[in-house]
Amino acid sequence: AMRVAVVAWEGDPLEPGGESGRHVADLARALAGSGVDVHLFVHATERPAGGDPFPVHRLAAGEGDLLAAVSGFGASVARALREEEERAGRPFDVLHVHDWTGAEALRELGDRAAGRTILTLHSIESERTAGRAWPMSAAIEAREQDAALRVDEVLVLSAAMKHRVADTYEIPDERVVWTRTPFPLERFAGRPADPGTIKGRYAVGPVDPMLLYLGPL
């Protein structure tokens, strides 16, 4: 079976976290369901209750500020990944890292990253800060660019972001691929609900209009 390592700061299948974490957990679960030997490497301070649906490596971050914490996590991932490859007697066929927080493992592995390398950027620093940079922004942007230039392919979640990433980080356009995020419609299937009851939860009048938006903020 194909062996795939997925690396992300969040995405624990037992506690996926926010939007990007759910994306990571769903991706790893789908890969495992299709017969791929997938291993997920995520940041965690303790193990959540429950059984893992596939191998999950929960790893500590470094001490200090955000940059130090992420660097420490990357070093932990690199060690755990090499140990797993030695245990299995073969390298991973694909190393798929998510955002700059997951991509720190690439810096640690360097040229020792075997197989195909993929980076998914759920967002970039200039978007997250809306142009109002904070002291660490320059360092984070440098790490994002370094990761994007190291990998074989960069995945983004919108057409607009494809062009923004290529322009911002000077990446050949053909190496940046726009992929749509699948929406889990099955989670909402067969659940009839009374609109008035739902509106009442948010103090919206029973006949007042209410818009449900499903997408990134």
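Conventions we followed
- Residues numbered from 1 in each chain as written.
- Predicted model: local features only at pLDDT ≥ 70, side-chain atom pairs only at ≥ 80, totals over all residues.
- Heavy atoms only, no water.
- Pairing = 2+ DSSP bridges.
- Helix = DSSP H or I, 4+ residues; strand = E, 2+ residues; numbered from the N terminus.
- Right-handed = clockwise from strand over helix to strand, strands pointing away.
- Expected span 1.5 Å × (residues − 1).
- Polar contact = N/O pair within 3.5 Å; in protein donor to acceptor, adjacent residues only side chain to side chain.
- Buried < 20%, exposed > 50% of the residue type's maximum accessible area, 1.4 Å probe, protein only.
- Axes fitted to C-alpha atoms, helices over the stretch in contact; angles between N-to-C directions.
- Contact = heavy atoms within 4.5 Å.

### Thoughts on the pairing of strand β6 (residues 153–156)
- Here strand β5 (residues 116–120) runs beside β6; their pairing, made up of three bridges, is parallel. In the sheet register, Leu 119 faces β6, and the bridge partner there is Val 154.
- In this structure, β6 lies alongside strand β7 (residues 176–178), joined through three bridges in parallel fashion. Its bridge partner lying in β7, Val 154 is registered against Val 176.
- For the crossover from β6 across helix α6 (residues 159–168) to β7, the handedness is right-handed.

### Notes on helix α2 (residues 66–88)
- Between the first and last C-alpha of α2 there are 33 Å, a value that for 23 residues agrees with the 33 Å anticipated at 1.5 Å per step.
- Measuring from the backbone nitrogen of Leu 67 back to the side-chain oxygen at the start of α2 gives 3.2 Å, which picks out Asp 65 as the cap.
- Residue Gly 89 follows α2 closely and has a positive phi angle near 80 degrees.

### Looking at the environment of Arg 180
- For Arg 180, the location among the structural elements is in the loop between β7 and α7 (195–201).
- With relative accessibility at 64%, the residue Arg 180 sits in the exposed group.
- Separated by 22 residues in sequence, Arg 180 and Ser 158 place their C-alpha atoms 6.9 Å apart.

### Considering the sheet that holds β6
- Taken in spatial order, the seven strands line up as β3-β2-β1-β4-β5-β6-β7 in an open sheet, and their pairing is parallel. Taken across any chain shown, the strands that pair with only one partner, and hence form the sheet edges, are β3 (56–59) and β7. Each neighbouring strand pair of the sheet contributes to a mean axis angle of 20 degrees, computed without reference to strand direction.
- Sheet topology note: the strand β2 (residues 37–43)/β3 ladder contains four bridges and is parallel. When the bridges of β3 are listed, Leu 40 appears paired with Val 56.
- Of the strands in this sheet, β1 (3–8), β4 (94–98) and β5 are in contact with helix α3 (residues 99–109), which crosses β4 at around 135 degrees.

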